[in-house]
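Analysis of the macromolecular model
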Amino acid sequence: MTKTVINSDKAPAAIGTYSQAIKAGNTVYMSGQIPLDPKTMELVEGFEAQTVQVFENLKSVAEAAGGSFKDIVKLNIFLTDLSHFAKVNEIMGRYFEQPYPARAAIGVAALPKGAQVEMDAILVIE
């Protein structure tokens, strides 16, 4: 099996020993994205802005892989405060239409750089 590294200049550069995404066959495994502005590599402020930035970062990586949000089959959302769950649903509705991907929303104690939200995804590109 061949693994292809996916990289987008429109998403934050990896800040560790990982790739933004790896394509294996027609499946793309996207690494977690936190709400870093790809130009400044700084966190954006406020929960809604952070959530939008994460979706934009994921979108950029998906596009670099030759896909889109329509190709996402699994989305994992990590939140430091589960009281934001309804807001995540509302914002997610701006980016996805039915059929929605399978999803998990998980409460965590902390995220890198003090982010309030992180997401990763799996795409299948036909």
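Presented here is a report on the structure given in the accompanying data block.

The rules behind these values
Residues numbered from 1 in each chain as written. Predicted model: local features only at pLDDT ≥ 70, side-chain atom pairs only at ≥ 80, totals over all residues. Heavy atoms only, no water. Helix = DSSP H or I, 4+ residues; strand = E, 2+ residues; numbered from the N terminus. Rg over C-alpha atoms; globule rule 2.2 N^0.38 Å. Buried < 20%, exposed > 50% of the residue type's maximum accessible area, 1.4 Å probe, protein only. Contact = heavy atoms within 4.5 Å. Areas by Shrake-Rupley, 256 points an atom, 1.4 Å probe, with all protein chains shown as cover. Lys, Arg positive; Asp, Glu negative; His and termini not counted. Charge placed at Lys NZ, Arg CZ, Asp CG, Glu CD. Pairing = 2+ DSSP bridges. Right-handed = clockwise from strand over helix to strand, strands pointing away. Axes fitted to C-alpha atoms, helices over the stretch in contact; angles between N-to-C directions. Phe/Tyr/Trp six-rings, centres within 6.5 Å; stacked < 30°, edge-to-face > 60°.

1. Some words on the overall build of the protein chain
Across its full length, the protein chain carries 2 helices and 6 strands. Counting helices and strands in the order they occur from the N terminus, the protein chain gives β-β-β-α-β-α-β-β. For the protein chain, whose C-alpha radius of gyration is 14 Å, the value lies close to the compact-globule estimate of 14 Å for 126 residues. Once the C-alpha set of the protein chain is aligned to its principal axes, its extents read approximately 40 × 35 × 20 Å. When the 126 residues of the protein chain are sorted by exposure, 40% land in the buried category. Sequence-distant contacts, at least 24 apart, represent 70% of the contacts inside the protein chain between residues at least 6 apart. As displayed, the protein chain offers around 6,700 Å² of accessible surface, 52% of which is attributable to carbon and sulfur atoms. For the protein chain, the distance from the average position of its 11 positive side-chain charges to the average position of its 14 negative side-chain charges is 4 Å.

2. Let's talk about the pairing of strand E5 (residues 102-107)
In this sheet, E5 lies alongside strand E4 (residues 72-79) in parallel orientation, the contact comprising 6 bridges. The residue of E5 that forms the bridge with Leu75 is Arg103. Read from E4 through helix H2 (residues 85-95) to E5, the crossover connection turns out right-handed.

3. Thoughts on the sheet that holds strand E1 (residues 3-6)
A sheet is described by the order of its strands in space; here 6 strands give the open sequence E1-E2-E3-E6-E4-E5, paired in mixed fashion. Only two strands of the sheet have a single neighbouring strand rather than two, namely E1 and E5. Neighbour-to-neighbour, the strand axes of this sheet turn through a mean angle of 15 degrees, independent of strand direction. Bridge count for E4 against strand E6 (residues 117-124) is 7 bridges, and the pairing is antiparallel. Across the sheet, the residue bridging to Ile77 is Met119, located in E6. Contacts from helix H1 (residues 47-64) reach E1, strand E2 (21-24), strand E3 (27-33), E4 and E6, with the element oriented near 25 degrees to E6.

4. Quick word on the packing of aromatic side chains
Counted according to the given criterion, the structure contains 5 aromatic pairs. Considering the side-chain rings of Phe55 and Tyr95, the 4.8 Å spacing of their centres and the 25 degrees angle between planes classify their relative orientation as stacked. With Phe55 in helix H1 and Tyr95 in helix H2, this residue pair connects regions lying 40 residues apart in the sequence. Members of the aromatic cluster, connected to one another through ring pairs, are Phe55, Phe69, Tyr95 and Phe96.

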